[in-house]
Amino acid sequence: MTKTPAIGKPISRLEGALKVTGQAKYAGEYQAPDLLYGYVVNSTITKGKIAVIDTADAKKMAGVVEIFTHENRPSTAWFDIQYADMDAPPGTVFKPLKDNEIKYNGQPIALVVAETFEMARYAAMKIKLAYKEEQFETDLESNLDKERDPKKGIASMLKPPPPKPKGDFEQAYRNSYVQSSGEFKHGTEHHNPMEMFASTVIYEGKNKLKIYDKTQGTINSQFYVANVFGLKMKNVQVISPFVGGAFGSGLRPQYQLFMAVMASLALKRNVRVTLDRAQMFTFGHRPPTIQYTKFGADETGKVNAIYHKASAETSQFEDYVEMVVNWSNMLYPAENTLLESKLVPLDVYSPLDMRAPGGSTGIHAIEVTMDELACKLNIDPLEFRLINYSDIDKSSDKEFSSKELKECYRQGAEKFGWSNRNPQPRTMKRGNKLVGYGMATGIWDANRLLARVEAKVTIDGRVELKSAVTDIGTGTLTVMSQIAADELGMDLDNIIFSYADSSMPFAPIQGGSFTTATVGAAVKTACRALNKKIFKKAAALKDSFVSKAAFEDIIFSNGFLFLKGSPDNRISIIEILEKSSIKELKTTNMAMPNPLTDGKKTKAVHSAVFVEVEVDEELGIIEVTRAVTSVAAGKIINPKTAESQILGGMIWGISKALHEETITDHRFGKYMNPNLAEYHIPVHADIHDLNVIFVDEKDKMVNDLGIKGVGEIGIVGMPPAITNAVYNATGKRINELPIHFDRLL
Ligand code: MOS
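Residues numbered from 1 in each chain as written. Predicted model: local features only at pLDDT ≥ 70, side-chain atom pairs only at ≥ 80, totals over all residues.

1. Some points on the packing of helix H14 (residues 639-658) against helix H16 (residues 718-730)
- Direction vectors running N to C along H14 and H16 enclose 55°, while the axes themselves pass 8 Å from each other. Overall, the two elements H14 and H16 adopt an arrangement that is oblique. For the crossing formed where H14 meets H16, the hand is right-handed. When H14 is examined against H16, the residues Met-650, Gly-653, Ile-654, Lys-656, Ala-657 and Leu-658 are found in contact with a partner set consisting of Met-718, Pro-719, Ile-722 and Thr-723. (Axes fitted to C-alpha atoms, helices over the stretch in contact; angles between N-to-C directions. Helix = DSSP H or I, 4+ residues; strand = E, 2+ residues; numbered from the N terminus. Parallel < 35°, antiparallel > 145°, perpendicular 65-115°, else oblique. Left-handed = near helix turned anticlockwise from the far one by under 90°. Contact = placed C-beta atoms within 7 Å.)

Here it is, written out as structure tokens:
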């Protein structure tokens, strides 16, 4: 009689068929009558002024409607106000076409609008440009003397600065039985989701717009457009039903949205602006970062001194900051710590959150330094982690709300066969390949924000839920439907989850691994409130058994209300609505962290990562032949979509460790490989045996559902585990990512 639970089932994503059959429409695919196409022109210098921008010839070309530059751009509200966006770091937001000043290479400087995309692109080549170039600096390493503390801003809520120094690091380090120090260099990376950025703006008359935008936050884009262009909030609707990957690149509205809206309002026409692959390298990236560590441990292996410093790139106009160095003392309970985070402003665009921003950078340095300490102490690296295990987050002296990391270590090690490892480098061999085993710990925040959800039951007995949240490919539609199904006691078929529309109830930008916890809690709250409304209507009916019952005595199952312990007493939701002469019942509810308990404990997800590599001694080629990631992330709503998240993170971890890097030619201040031929990412042949384990973890504090989130934890432990495995195979510690194979020769 009671419905089987949907939560915990490995359900395939509900929109999967639409995606693989090409029926899913993305932002750049929406058609509109007399649609105009915009093509963006980007600066080819890094710093200076535009001396001449001559569009006369280009403008005369057939099919060209208008060319916008800083000289003729409409004077929108944008240029007078300081509105940025919900993910803006402290500083002054970049304003396309504001004036003739060039702040970075690739900066958008003009928009050609034409009747076809090809015409717009062709005409863009005919624009004549002359620049007055100025001196610039784009190299982090040669500008470390300019490093300074980051400015604080709203963003520091989710990315707090490092905790204050504790104890006496210098003395504790000096007195340590063993010491390990390292310098770690990470290159620039660009997000490169499959779908490129696009906005299709439908001009609906008198300053009213409907916008199909590639974004991780429909309401973020709506606020941005309304504020920047001085439009009424209700006159700006942003929709993004499908997003072909984003990984952080869609957390901020990108310049194609500004350009498309500007042109649409000026021309009173429907306009689409799509970026091409090279332009995907012109609006944000994972910043290059240099880190230094010094860890000291006593004879028993206890780490008691931790120093970790990160110096990262930012732009000249915003202080983009990541949480790089805070993790070590959250993982290991040292009493003497010194953690520092610095920024070096350079003539580049502001960096931008990319999957596990800060975590995938900092944890590499921490976990490689830990590995080296273990080697020096002659203690197995896994045993070493257990010696330094803590249920207290020593960076804040708070307990973890839950932490099944020991179980991650145990199950992961067993599945991987960690006990077969030979600690002596260069001892395990397979043919002409050296084999190495490496492991690492992972940690990431289990954050939660505020969201609202509408739930409505209609006369056909179906329930529709509404949230402005996007689904960037993570399975949000599916898991929200599962949560609703269980709370309502209904099958998935009877639930419609409508989403990715800014006119729907508020959801924050989708990111930080907080979406399922944030919106899922609101779905649960709204569904429970809807059940209560249905209950009240039933109780008000004449001769209803419900009227004598309390809400808690009623079971909602398969569209019926039952009296607990008395299955014959039942009434259908359809009958309740009919007898009450109403067509629907509706409720909108909010869910947010409990201000009384939130912050009393540290909420985090953990992972243990085990990796096997093979290194070809003659060619230096490294292959990750096997990897196991075990994750403790609270309740897993859908093991299939959750596993996909972890697998994606693991593959990105392989990419970060071995392949991925944007190369800058500092003589020109320009990225030299803005294409997928030269920006290396793993292909199928690079990916072998990957395994994911979710360990059981119960946590009633994070939210009613015990959800912690699984977006970013998949990547953080992979780069250090691979680096440590390469050491075990070759005896060489390469602390620069990606590990270029020539370093092994
Ligand atoms: Mo994620 S980098 O918060 O999209």
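From this point, the discussion proceeds with the structure in view.
2. Focus on the sheet that holds strand E6 (residues 128-133)
- The antiparallel open sheet is built from three strands, whose spatial order is E4-E2-E6. Either end of the sheet is taken by a strand with one partner, and the two such strands are strand E4 (101-102) and E6. (Pairing = 2+ DSSP bridges.)

3. Focus: the domain arrangement of the chain
- Domain assignment breaks the chain into domain 1 (16-22 + 449-591), domain 2 (31-135 + 193-276) and domain 3 (143-189 + 285-447 + 599-744).
- For domain 1 and domain 2, the distance between their C-alpha centroids amounts to 39 Å.
- Contact residues are listed per partner, giving 15 residues for domain 1 and 21 residues for domain 2.
- A breakdown of the residues in the side of domain 1 that touches domain 2 according to their chemical character gives seven nonpolar, six polar and two charged. (Domains from an automatic or database assignment. Nonpolar A, V, L, I, M, F, W, Y, C, P; charged D, E, K, R; others polar.)

4. Things to note about the environment of Gly-248
- Turning to its location among the elements, Gly-248 is positioned in the loop between strand E10 (236-239) and helix H6 (255-267).
- On a C-alpha basis, the gap between Gly-248 and Thr-215 in space is 9.3 Å, while along the polypeptide they are 33 residues apart.
- Excluding residues within four positions of it along the chain, Gly-248 makes contact with His-191, Leu-352, Asp-353, Met-354, Arg-355, Pro-357 and Gly-511.

5. Notes on the nonpolar core
- Within the largest apolar cluster, 213 residues are counted, with the highest numbers of intra-cluster contacts made by Val-112, Val-261, Leu-465, Ala-484, Val-523, Val-631 and Ile-722.
- With 11 residues, helix H12 (residues 515-540) is the single largest residue contributor to this core.
- Dropping the residues within four chain positions of it, Val-631 is found in contact with Cys-408, Val-605, Ser-607, Ile-646, Val-692, Ile-693, Phe-694, Val-710 and Ile-713. (Core = buried A, V, L, I, M, F, W, Y, C linked by C-beta atoms within 7 Å. Buried ≥ 20, exposed ≤ 12 C-beta atoms within 10 Å, placed from the backbone.)

6. Quick look at the packing of helix H11 (residues 476-488) against H12
- One can describe the packing of H11 onto H12 by two numbers: an axis separation of 9 Å at closest approach and a directional angle of 30°. Between H11 and H12, the angle is such that the two are roughly parallel. At the point where H11 passes H12, the crossing takes the right-handed sense. Contact with H11, carried on its side by Thr-476, Val-479, Met-480, Ile-483, Ala-484, Glu-487 and Leu-488, involves Thr-515, Thr-516, Val-519, Gly-520, Val-523, Lys-524, Cys-527, Arg-528 and Asn-531 of H12 and no other residues of that element.
- Class assignment for the residues of the contact of H11 with H12 results in eight nonpolar, five polar and three charged.

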